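These are the residues of each chain, in order.
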Amino acid sequence: MTISFPIHSNHLHLFAYTNAHLLKGKTEGIVIDFHGLNGGMRILREDPEAAIIYARHRALYIYPYYGPWSWMNDTAIRTVDAVVEAAMMKYQLSDGIPIVATGGSMGGLGALVYTVYAACTPVACAVNSPVCDLLYHYTEREDVPRTLYHAFAHYPCDLETAIASSSPLHLAYRMPDIPYYLVHGFEDREVSKQAHSDAFFQTLHTIRRIQYIEVPGMNHCALRDDQLERYYAFVFSYIG
């Protein structure tokens, strides 16, 4: 194997899971599913439920392994861009194919931040219980400071400026004019609804199209039943 970057299409499986083996007929869109903190540390050997659901709608589902503590830093963005490029080449997809960014928790942050920096701007973004104020999150949990240091200490600026460059709340005015779907539960004890989604919505809804779904009784990322169906329905509406 020749070591190279961008990622060679033959090596795509080493950098991301896709549901290409489940697809039948013409591929109508791409769904990128950004993982949460500590995710993406192992190669997926079984098909996630989401991959099966998206295959039914002829969407290529991509779960990129962009780093468990990346917080969508510069290397993570570069990696996901390379994964998308490799997937489009491997599966012979057209440049205009719609891409939807999705994710929960750190993955929700990843999906939002990726819309700003992506080489191919997504046509829509759906996020579940996302971290939106990354500067505040530094103080919110004991496991966060070391991961943020790991993600941003190499930036040629002070750490606060580096972290803000991947904070959706601080990037709101740079976010592309696409539809956003935001859902957060009132019982979230890991990512404060008030400090993150509430604050982000208050800023973004004045300048962009965004639906904000607030779910009574829901814990962190725990979408169920009709709310999960609504989440998928939003994504489906921008595929094909």
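Scope of this entry: the structure provided in the associated data block. (Residues numbered from 1 in each chain as written. Predicted model: local features only at pLDDT ≥ 70, side-chain atom pairs only at ≥ 80, totals over all residues. Heavy atoms only, no water.)

With that out of the way, let us pick up unusual backbone geometry. Although it is not a glycine, R58 sits at a positive phi angle of roughly 55°. Secondary-structure assignment places R58 in the loop between α1 (49–56) and β3 (59–64). Unlike most non-glycine residues, M72 shows phi in positive territory, near 55°. Within the secondary structure, M72 sits in the loop between β3 and α2 (74–90). (Helix = DSSP H or I, 4+ residues; strand = E, 2+ residues; numbered from the N terminus.)

So, about the pairing of strand β7 (residues 210–215). The side chains of a regular strand alternate between the sheet's two faces. Strand direction decides the pairing type here: strand β6 (residues 180–185) and β7, joined by 6 bridges, are parallel. Across the sheet, residue H184 finds its bridge partner in β7, namely E214. Regarding topology, helix α8 (residues 194–204) serves as the crossover connection from β6 to the parallel β7, and that connection is right-handed. (Pairing = 2+ DSSP bridges. Right-handed = clockwise from strand over helix to strand, strands pointing away.)

Bringing the packing of aromatic side chains into the picture now. For the coordinates displayed, the defined rule picks out 14 aromatic pairs. Centroid distance Y231 to Y232: 6.4 Å. Interplanar angle 75°. Geometry classified as edge-to-face. Comparing Y231 with Y232, the two get one shared label, buried. Following the ring pairs from residue to residue traces out a cluster consisting of Y17, Y54, Y61, Y181, Y231, Y232, F234, F236 and Y238. Over the face of the ring belonging to F186 we find K193, whose NZ or CZ atom lies 4.4 Å from the ring centre. (Phe/Tyr/Trp six-rings, centres within 6.5 Å; stacked < 30°, edge-to-face > 60°. Buried < 20%, exposed > 50% of the residue type's maximum accessible area, 1.4 Å probe, protein only. Lys NZ or Arg CZ within 6 Å of the ring centre and 35° of its normal.)

Glancing now at the nonpolar core. Core analysis: the largest hydrophobic core is formed by 59 residues, its most contacted members being I30, F34, W71, M72, Y114, F152 and F200. Top element by residues in this core is α2. It accounts for 9 residues. Once residues lying within four places of it in the same chain are set aside, the contact partners of W71 are L37, M106, L109, V131, L134, H137, V144, T147, L148, A151, F152 and S166. Within the second largest apolar cluster, 26 residues are counted, among which are V31, L44, Y54 and A124. (Core = buried A, V, L, I, M, F, W, Y, C linked by side-chain atoms within 4.5 Å. Contact = heavy atoms within 4.5 Å.)

In this section: helix α5 (residues 144–152). Among all positions in α5, only V144, T147, L148, A151 and F152 are buried. All buried residues of α5 project into a common sector of 110° when viewed along the axis, lining one side. Turned more than 90 degrees away from the buried face of α5 sit Y149 and H150, all of them exposed. (Arc of directions from axis to C-beta.)

Let's shift gears to the environment of L134. With respect to the helices and strands, L134 occurs in helix α4 (residues 134–137). When the C-alpha atoms of L134 and S167 are compared, they prove to be 5.0 Å apart, with 33 residues separating the residues in sequence. Excluding its chain neighbours within four sequence positions, the residues that come into contact with L134 are W71, L109, L148, F152, I163, S166 and S167.

Glancing now at the pattern of salt bridges. Counted under the stated rule, the structure contains 7 salt bridges. The closest approach of N and O atoms between E187 and R189, which form a salt bridge, is 2.9 Å. (Salt bridge = Lys/Arg side-chain N within 4 Å of Asp/Glu carboxyl O.)

Strands in a sheet are paired, the pairing made by backbone hydrogen bonds, and the direction either parallel or antiparallel. Taken in spatial order, the 7 strands line up as β1-β3-β2-β4-β5-β6-β7 in an open sheet, and their pairing is mixed. Of all the strands in the sheet, just β1 (16–18) and β7 have a single pairing partner and so form its edges. On average, each strand axis in the sheet is tilted by 15° relative to the strand beside it, whichever way the strands run. Where strand β2 (residues 29–34) meets β3, 4 bridges bridge the pair, whose relative direction is parallel. If you follow G29 over to β3, its bridge partner there is A59. The strands that helix α9 (residues 225–236) touches are β2, β4 (99–104), β5 (124–128), β6 and β7; relative to β5, the one it contacts most, it runs at about 160°. (Axes fitted to C-alpha atoms, helices over the stretch in contact; angles between N-to-C directions.)

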